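Observations on the three-dimensional arrangement
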Amino acid sequence: QVQLVESGGGLVQAGGSLRLSCVASGRTFDGYAMGWFRQAPGKERESVASISWSGGGTYYADSVKGRFTISRDNAKNTGYLQMNSLKPEDTAVYYCAARRGIRVVSSRDSDYDSWGQGTQVTVSS
């Protein structure tokens, strides 16, 4: 499995921006897909954005499309989620996820077997 360490969460005002980072370690040499998920209180975990190993394939939830950008730097084993124009409804615990050996983009949490610890993102009005 791939081990993931997240950072970048915090408190931000509505309309502001945050950049989440996810550093991967372990057996990453054969490639891995990466995704970002979030879970708000009382709601199920949902896919936010996903990216293929090459970066050529991306997925965005309709609720974040146009505001969030997913990217990765494989030389640094790091994935990013740039979040702009944040809204209070974006408040949630955000998780990064990975699956070694899968190179295509996937928005299904069942496709991932490595997960970060989660980082809280709170957007105030």
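So, a few notes on the structure that sits alongside this text.

What counts and how
- Residues numbered from 1 in each chain as written.
- Predicted model: local features only at pLDDT ≥ 70, side-chain atom pairs only at ≥ 80, totals over all residues.
- Heavy atoms only, no water.
- Helix = DSSP H or I, 4+ residues; strand = E, 2+ residues; numbered from the N terminus.
- Contact = heavy atoms within 4.5 Å.
- Areas by Shrake-Rupley, 256 points an atom, 1.4 Å probe, with all protein chains shown as cover.
- Lys, Arg positive; Asp, Glu negative; His and termini not counted.
- Charge placed at Lys NZ, Arg CZ, Asp CG, Glu CD.
- Core = buried A, V, L, I, M, F, W, Y, C linked by side-chain atoms within 4.5 Å.
- Buried < 20%, exposed > 50% of the residue type's maximum accessible area, 1.4 Å probe, protein only.
- Disulfide = S-S within 2.5 Å.
- Phe/Tyr/Trp six-rings, centres within 6.5 Å; stacked < 30°, edge-to-face > 60°.
- Lys NZ or Arg CZ within 6 Å of the ring centre and 35° of its normal.

In this section: the overall build of the chain. A tally of helices and strands in the chain yields zero helices and 11 strands. Residue pairs in contact within the chain that sit at least 24 positions apart in sequence constitute 60% of those at least 6 positions apart. Carbon and sulfur atoms make up 45% of the accessible area of the chain, which amounts to about 6,200 Å² in all. Mean positive and mean negative side-chain charge positions of the chain (14 and 11 charges, respectively) differ by 5 Å.

Ranked by size, the top nonpolar core spans 29 residues in total, and within it Trp36, Val48, Phe68, Leu81, Met83 and Tyr94 carry the most contacts. Of all elements in the fold, only strand E1 (2–7), strand E3 (18–26), strand E4 (32–39), strand E5 (46–51), strand E7 (68–73), strand E8 (78–83), strand E9 (92–100) and strand E11 (119–124) reach the threshold of two or more residues within this core. Non-local contacts of leucine 81, meaning those with residues more than four positions away in its chain, are made with Leu18, Arg19, Leu20, Trp36, Val48, Ala49, Phe68, Thr69, Ile70 and Tyr94.

The next point concerns the state of the cysteines. Summed over all chains, the structure comprises one disulfide. Residue cysteine 22 pairs covalently with cysteine 96 via a disulfide, S to S 2.1 Å. One quick way to see it: the torsion about the S-S bond of cysteine 22 and cysteine 96 is about 60°, and its sign makes the bridge right-handed. With cysteine 22 in strand E3 and cysteine 96 in strand E9, this pair connects stretches of sequence that are 74 residues apart. The exposure class of cysteine 22 is buried, given its relative accessible area of 0%. With a relative accessible area of 0%, cysteine 96 lands in the buried category.

Now for unusual backbone geometry. With phi around 55°, asparagine 77 is a residue other than glycine that occupies positive phi space. The topology assignment puts asparagine 77 in the loop between E7 and E8. The class of asparagine 77 is partly exposed, set by a relative accessible area of 21%. You will see that serine 85, though not glycine, has its phi angle at about 50°, which is positive.

Among the structural elements, serine 47 can be located in strand E5. Those residues in contact with serine 47, other than ones at most four positions away along the chain, are Trp36, Phe37, Tyr59, Ala61 and Ser107.

The next point concerns the packing of aromatic side chains. The description of an aromatic ring pair uses the distance of the two centres, along with the angle that the planes make with each other. Applying the stated criterion to the full structure yields four aromatic pairs. Relative to tyrosine 112, the ring of phenylalanine 37 lies with its centre 5.6 Å away and its plane at 75°, an arrangement referred to as edge-to-face. Placement of the pair is phenylalanine 37 in strand E4 and tyrosine 112 in the loop between E9 and strand E10 (114–115), with a sequence separation of 75 residues. Each member of the pair, phenylalanine 37 as well as tyrosine 112, carries the same accessibility label: buried. When the centroid spacing of 6.4 Å and the interplanar angle of 75° are considered together, the rings of tyrosine 112 and tryptophan 115 count as edge-to-face. By relative accessible area, tryptophan 115 is classed as partly exposed at 27%. Among the aromatic residues, those joined into a ring-pair cluster are Phe37, Tyr112 and Trp115. The residue whose ring lies beneath arginine 19 is tyrosine 80, and the NZ or CZ to ring-centre distance is 4.0 Å. Here the guanidinium or amino end of arginine 72 rests over the ring plane of tyrosine 32, the centre of that ring lying 4.6 Å away.

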